[in-house]
Amino acid sequence: MLDHSIRKYLETVEGRYVDGVGFANRPGGKGRPDASCWAVLALEAAGTRSDVVGRARQALAKAQCSDGRICISPQHVEACWPTPLAILAWHGAPEYEGPRNKAIQFLLQFEQVRTVNSGQTPLGHNGTIRGWPWIAETHAWVEPTAYALMALRVCRYTNHSRTRDAVRLLLDRQLPGGGWNYGNTTVFGQELRPMPETTGPALEALAGMTPRDVVEKSIVYLRSRREHLDTPMSLAWAILGLHAWQERPEQAQEQILRVLAAQDQYGPCDTISLSLLLLAWQCQTGLVRSLEHTGSQDDK
Amino acid sequence: MTHSCPSERSAGKISRRQLLAGVLAGGTLGTAGSLLREHLRRRERRTETFIAKVPSYDADLVSVIEAGLRDLGVGPAEIRGKRILLKPNFVETLAGTTHICTQAAVIVAAAEVFRKLGAAGVVVGEGSGHCRDTARVLEETGVAQPLAEHKIPFVDFNNDDLLVRSNAGGMSRLKTLTLPATLEQVDWIVSLPKMKTHHWAGVTLSMKNLFGLMPGIVYGWPKNVFHWAGIHQTILDISATVHPHFAIVDGIVGMEGDGPIMGTPKLAGAIVMGRDLAAVDATAARIMGVDPLRVPYLEAARGRLGTIAVEKIVQRGESIAAVRTNFQLIEKIPAHQGLRLANGVL
């Protein structure tokens, strides 16, 4: 049963489907794999049974490289950060088990360029912990590592060494004062600032993987930050991150509706932000827990 | 995107990587290094920059920018019918601050001036280096509302369509650069940076600001590909490939110390403008009390991408000495070491 409050926004997402290539990230734009993944997740979570979901999953499978990666465009094979998002988008669709398994195998062997901690570095984090970069041949960062951890959890790789490393990396990159930014904690001795749109994915990925007290400061940061957010992506991730830790932010749905309505003034949201807001509306226990209800229950 | 880059075309037989290696190697190349530097110094052309004293963001910035463009010979004949891109710096935000990002007042004033000169359109574009949520960046920089009120469109370069181009600089290992497709839809690119120190690059001004053109979906958040390929090298590569037409540096309130994010506000009270980005950056650096010849990418730009030598830059408006205020440099930051411009040089 579709929720009437968000029906028109789901229809907006559906309307961004571009035949054969998946969802565009903006009205009239070209298809983009990350936009396709988030749109599929939002439409599935809402139970739309839209036929574009299947077609978008098919487009993702068609775009998959022979080694299993999903790239931002065929010309940019090094930009393979959408791979874990595709794993999430294929989850619960048995007909895509093949592409999904190939993507998982790619993800398990793909890692960043690790740096040696010589004691001379001005960076506060540990560059030797394995995680995932945005782009091949670069350093590991919070958001791609959080996406990879979500994908591995949903696929029940909860005891895999890469999963454990991902947890270690995210905790290592948690800011001393709470929250996460893109992935630097201190540089030249100064603590950097947290951001809601990266704290949300990190908390979402870590829920159930680490004791609450280890991330309590980050929950407190996100809780207080959420109240004042009025941009779609940050608000969506703040709510998803809090939901994942059984937090129930007050009047979150009213806040989501207010931000959705602001499109009349500021113009249409991009598909990714819109889909994330719709997921924040639907996923009362967080994204990963919602997905964990479907698919295999066997740990790998 | 329209360009002309004569110095790039006449790079001669010296390989670009050799050139940069020579410059970055400092004095270690001995006679060959001295000859190389002399060769580049001779290739520097006479150019002009404009400096205005601007005590605060409440000043009449439209008149300031108009005066600068007029003094530098940019008038309606050149701008009429052109589509202008303004590229500010929104690397990261902290609501309520003035020292991290290019301020809305400067952006809106520049847009108004170009419109008055007959521009066919003005668009603002940026790809934040650290923030994924572009809408939050616009909100917290205080830019969203003024852009909406003045009907100035904004393009998120982190998420624009992509345009792959050969790397015209050839300084790093990158064979191609992927640019936002919007660059093909504009005629004039104006870099609109903040005047800041930088803990990896020494200073960040109009050339370093071009990192923000590069799409995050291809280069990441942060744009870590450039760090691995060499920050100085890729600043030069992007500058040579994009070849912007003009720069306006927001130095009203800059950032000193541990820039470009965690430094402290520095009232410099200046706007610096010019057609030659290397010369604009060299002038802004001297205002900050930084010797541009000790900033590796600026020294390497000398004679290739523009002019650095003070004697070849005609100063319009105020003199450097009239606005110079030393920005704090931090000794423990390697990129800051040895940058201080000696007193009395200007």
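Residues numbered from 1 in each chain as written. Chains lettered and ligands numbered in written order. Predicted model: local features only at pLDDT ≥ 70, side-chain atom pairs only at ≥ 80, totals over all residues.

Draft legend 1. A look at the overall build of chain A. Within chain A one finds 14 helices and four strands. Radius of gyration (C-alpha) of chain A: 18 Å, near the 19 Å computed for a compact globule of 300 residues. C-alpha atoms of chain A, sized along the principal axes, occupy 55 × 45 × 35 Å. Residue pairs at least 24 apart in sequence account for 64% of intrachain contacts in chain A once pairs closer than 6 positions are excluded. (Helix = DSSP H or I, 4+ residues; strand = E, 2+ residues; numbered from the N terminus. Rg over C-alpha atoms; globule rule 2.2 N^0.38 Å. Contact = placed C-beta atoms within 7 Å.)

Draft legend 2. Seen up close, the nonpolar core. Core analysis: the biggest nonpolar cluster contains 211 residues, and Leu277 and Leu278 of chain A together with Ala110 and Val190 of chain B have the highest contact counts within it. For this core, the leading source of residues is helix α6 (residues 104-116) of chain B, giving 10 residues. Those residues in contact with leucine 278 of chain A that lie beyond four places of it in its chain are Ile6, Tyr9, Leu10, Val13, Ala42 and Ala46 of chain A. (Core = buried A, V, L, I, M, F, W, Y, C linked by C-beta atoms within 7 Å. Buried ≥ 20, exposed ≤ 12 C-beta atoms within 10 Å, placed from the backbone.)

Draft legend 3. Here's a closer look at the packing of helix α4 (residues 83-90) of chain A against helix α6 (residues 142-154) of chain A. Residues and elements named next belong to chain A. Interhelical geometry of α4 versus α6 gives an angle of 30° and a closest axis separation of 8 Å. The element α4 and its partner α6 pack so that their crossing is left-handed. Between α4 and α6, the residues in contact are Pro84, Leu85, Ile87 and Leu88 and Tyr147, Ala148, Met150, Ala151 and Val154, respectively. (Axes fitted to C-alpha atoms, helices over the stretch in contact; angles between N-to-C directions. Left-handed = near helix turned anticlockwise from the far one by under 90°.)

Draft legend 4. Highlighting the environment of glutamate 143 of chain A. Topologically, glutamate 143 of chain A is positioned in helix α6. Remark: the alpha-carbon pair of glutamate 143 of chain A and alanine 202 of chain A, spanning 59 residues in sequence, is separated by 7.1 Å. Residues in contact with glutamate 143 of chain A, not counting those within four places in the same chain, are Tyr182, Thr198 and Pro201 of chain A together with Arg132 and Trp221 of chain B.

Draft legend 5. Structural detail: the packing of helix α9 (residues 212-226) of chain A against helix α10 (residues 232-244) of chain A. All names here are of chain A. Between α9 and α10, whose axes approach to 10 Å, the crossing angle comes to 135°. Judged by the inter-axis angle, α9 sits oblique to α10. Relative to α10, α9 is oriented so that their crossing is left-handed. In contact with Ile219, Leu222, Arg223, Arg225 and Arg226 of α9, α10 contributes Ala238, Ile239, Gly241 and Leu242. (Parallel < 35°, antiparallel > 145°, perpendicular 65-115°, else oblique.)

Draft legend 6. Local environment of the pairing of strand β3 (residues 121-126) of chain B. All names here are of chain B. In this structure, strand β2 (residues 83-88) lies alongside β3, joined through four bridges in parallel fashion. When the bridges of β3 are listed, isoleucine 84 appears paired with valine 122. This β-α-β element, β2 to α6 to β3, shows right-handed connectivity. The pairing of β3 with strand β4 (residues 154-156) spans three bridges and is parallel. Residue pairing in the sheet places glutamate 126 in a bridge with aspartate 156 of β4. (Pairing = 2+ DSSP bridges. Right-handed = clockwise from strand over helix to strand, strands pointing away.)

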